[in-house]
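# A look at the structure
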Amino acid sequence: MNRLYHYPLSPFSRKVRLSLAEKRIEVELVEERFWEKDADFLRRNPAGKVPVLKMGDRTMADSTAICEYLEEAHPTPPLLPTGPDSRYEVRRMVAWFDDKFNDEVTTKLMGERVFRKVMGTGYPDSANVKAGSRAIKYHLDYMHWLLDQRRWLAGNELSLADFAAAAHLSCLDYVSDVDWNRSEIVKDWYAKIKSRPAFRSILADQISGFPQPSHYSDLDF
């Protein structure tokens with residue numbers, strides 16, 4: 001049985017979960033409190049980060065490397081387009097969310113409001129929270145600009161870029177940190193993502209200490 005070591009509010013874990021589900025690859029989910037530096041987990045990934053995917057005798061780390069492995073090993077349905085220019089754009093957008101968005105928004109909002117609590121590292125830094133709240137507006141506006149020209153974030157076909165973005169935004173949405181009224185285009189894009197069968201297990205996530213908001217699992221929000 002395939003096994004994914006993950007944390008429910010890790011956007012990198014969610015990106016892999018979405019890819020696996022879209023490709024209909026069954027996997028057992030094992031919640032990993034990675035910050036506790038469990039010795040068994042560190043043997044699986046010395047970097048001490050989630051997700052970690054075990055398939056057969058292969059153990060893989062790094063969410064983007066995992067997703068690209070899945071794309072090569074299980075190419076249907078495709079999450080990367082065929083041409084080099086189109087693939088570049090998908091990879092650029094994945095990096096945008098996993099690097100820039102994560103640094104400017106996810107770590108500022110989720111890191112302060114959620115992970116400080118679950119890790120027991122003190123109270124939120126209000127300056128970081130304010131910075132994250134400002135930055136997410138810029139990112140939503142950029143997404144609006146992209147989606148005004150394309151059907152999906154990296155082109156006219158659903159791709160790994162959409163799953164990377166949705167992974168981050170769904171984590172923030174769980175703690176009600178997204179102003180969906182800022183852009184109807186972005187809101188409609190997210191509603192399309194949420195309605196996919198691949199998203200069902202994510203919408204069912206329940207995180208101890210953080211009750212699910214009423215709108216979170218509403219497909220028509």
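Here's a quick rundown of the structure. Model, not experiment: these values are computed from the prediction. Throughout this description, residue numbers start from 1 for each chain and increase along the sequence as written. For this predicted model, a pLDDT threshold of at least 70 governs which residues receive local features, and a threshold of 80 or more governs which side-chain atom pairs are given and counted, while totals over whole chains, interfaces and linings are taken from all residues. As a convention, hydrogens and water are excluded, and side-chain values are obtained from all of the structure's heavy atoms.

### Thoughts on unusual backbone geometry
Proline 51 follows valine 50 through a cis peptide bond whose omega is 5°. Comment: elements are numbered from the N terminus, with helices defined as DSSP H or I runs of at least four residues and strands as E runs of at least two. One can find proline 51 in the loop between helix H2 (39-44) and strand S3 (52-55). Cis geometry is found at the peptide bond from threonine 76 to proline 77, where omega equals -5°. For proline 77, the position within the fold is in the loop between helix H3 (63-73) and helix H4 (84-119). The backbone of lysine 37 shows a phi angle near 55°, a positive value even though the residue is not glycine. Looking at the secondary structure, you find lysine 37 in the loop between strand S2 (28-31) and H2.

### A word on the pairing of S3
Residues in a regular strand project their side chains so that they alternate between the two faces of the sheet. Any two strands with at least two DSSP-identified bridges between them are counted as paired. Both strand S1 (residues 3-6) and S3 contribute to a ladder of three bridges, which runs antiparallel. Bridge pairing in S3 links tyrosine 5 to valine 52. Examined bridge by bridge, S3 and strand S4 (residues 58-61) share four bridges and lie antiparallel to one another. Bridging from a neighbouring strand, valine 52 pairs with alanine 61 of S4.

### Considering the packing of helix H1 (residues 11-22) against H3
For the pair H1 and H3, interaxial distance at closest approach is 9 Å and the crossing angle is 10°. Overall, the two elements H1 and H3 adopt an arrangement that is roughly parallel. Between H1 and H3, the contacting residues are Phe12, Lys15, Val16, Ser19 and Leu20 on the first element and Ser63, Thr64, Ile66, Cys67 and Leu70 on the second. In this count, Pro and Cys sit with the nonpolar residues alongside Ala, Val, Leu, Ile, Met, Phe, Trp and Tyr, while Asp, Glu, Lys and Arg are called charged and the others, Gly among them, polar. Tallied by class, residues from the contact of H1 with H3 come to six nonpolar, three polar and one charged. Here, axes are lines fitted to C-alpha atoms. For helices the fit covers the stretch in contact, and angles between N-to-C directions go from 0 to 180 degrees. To sort the angles, those under 35 degrees are grouped as roughly parallel, those over 145 as roughly antiparallel, those from 65 to 115 as roughly perpendicular, and the leftovers as oblique. Residues count as neighbours in contact if any of their non-hydrogen atoms are within 4.5 Å of one another.

### Looking at the pattern of salt bridges
Salt-bridge detection follows one rule: a side-chain nitrogen of Lys or Arg within 4 Å of a carboxyl oxygen of Asp or Glu. Applying the stated criterion across every chain, the model contains 15 salt bridges. In this structure, the salt-bridge partner of lysine 15 is aspartate 98, at a minimum N-O distance of 2.4 Å. Here lysine 15 is found in helix H1, whereas its partner aspartate 98 is found in helix H4, with 83 residues between them in sequence. Each member of the pair lysine 15 and aspartate 98 is classed as buried. The closest approach of N and O atoms between arginine 113 and aspartate 177, which form a salt bridge, is 2.2 Å. In this pair, arginine 113 sits in helix H4 while aspartate 177 sits in the loop between helix H6 (160-174) and helix H7 (184-194), placing the two residues 64 residues apart along the sequence. Classification of aspartate 177 by relative accessible area gives buried; the value is 12%. Linked by salt bridges that have partners in common, Arg14, Arg17 and Asp205 make up one network. The rule is simple: take the accessible area with a 1.4 Å probe, protein chains only, and divide by the maximum for that residue type; under 20% is buried, over 50% is exposed, in between is partly exposed.

### Notes on the packing of aromatic side chains
We call Phe, Tyr and Trp rings a pair once their centres come within 6.5 Å, taking the six-membered ring for Trp, and we label the pair stacked below 30 degrees between planes, edge-to-face above 60, and tilted otherwise. Applying the stated criterion to the full structure yields 14 aromatic pairs. Relative to phenylalanine 115, the ring of tryptophan 35 has its centre 6.4 Å away and its plane inclined at 80°; by these criteria the two rings are edge-to-face. A residue pair is termed long-range when its members are at least 10 positions apart, and tryptophan 35 in the loop between S2 and H2 and phenylalanine 115 in helix H4 qualify at 80 residues. Here tryptophan 35 and phenylalanine 115 have matching classes, each one buried. Residues phenylalanine 97 and phenylalanine 101 carry aromatic rings whose centres are separated by 5.5 Å and whose planes lie at 45° to one another, so their mutual orientation is tilted. Residue phenylalanine 97 and its partner phenylalanine 101 are located together in helix H4, separated by four residues, close to a single helical turn.

### Regarding the packing of H4 against helix H5 (residues 126-147)
Relative to each other, H4 and H5 sit at 150°, their axes nearing to 8 Å. The orientation of H4 with respect to H5, classified from their angle, is roughly antiparallel. Between H4 and H5 the crossing geometry is left-handed. Across the interface between the two elements, Arg92, Met93, Trp96, Phe97, Lys100, Phe101, Glu104, Val105, Lys108, Leu109, Glu112 and Arg113 of H4 pack against Asn128, Val129, Ala131, Gly132, Ser133, Ala135, Ile136, Tyr138, His139, Tyr142, Met143 and Leu146 of H5. Its residues assigned to classes, the contact of H4 with H5 shows 14 nonpolar, four polar and six charged. By definition, any crossing whose near helix is turned counterclockwise from its far helix by less than a right angle is left-handed, and any crossing with a clockwise turn is right-handed.

### Examining the environment of arginine 134
Along the chain, arginine 134 turns up in helix H5. For arginine 134 and leucine 147, which are 13 residues apart along the polypeptide, the C-alpha to C-alpha distance reads 21 Å.

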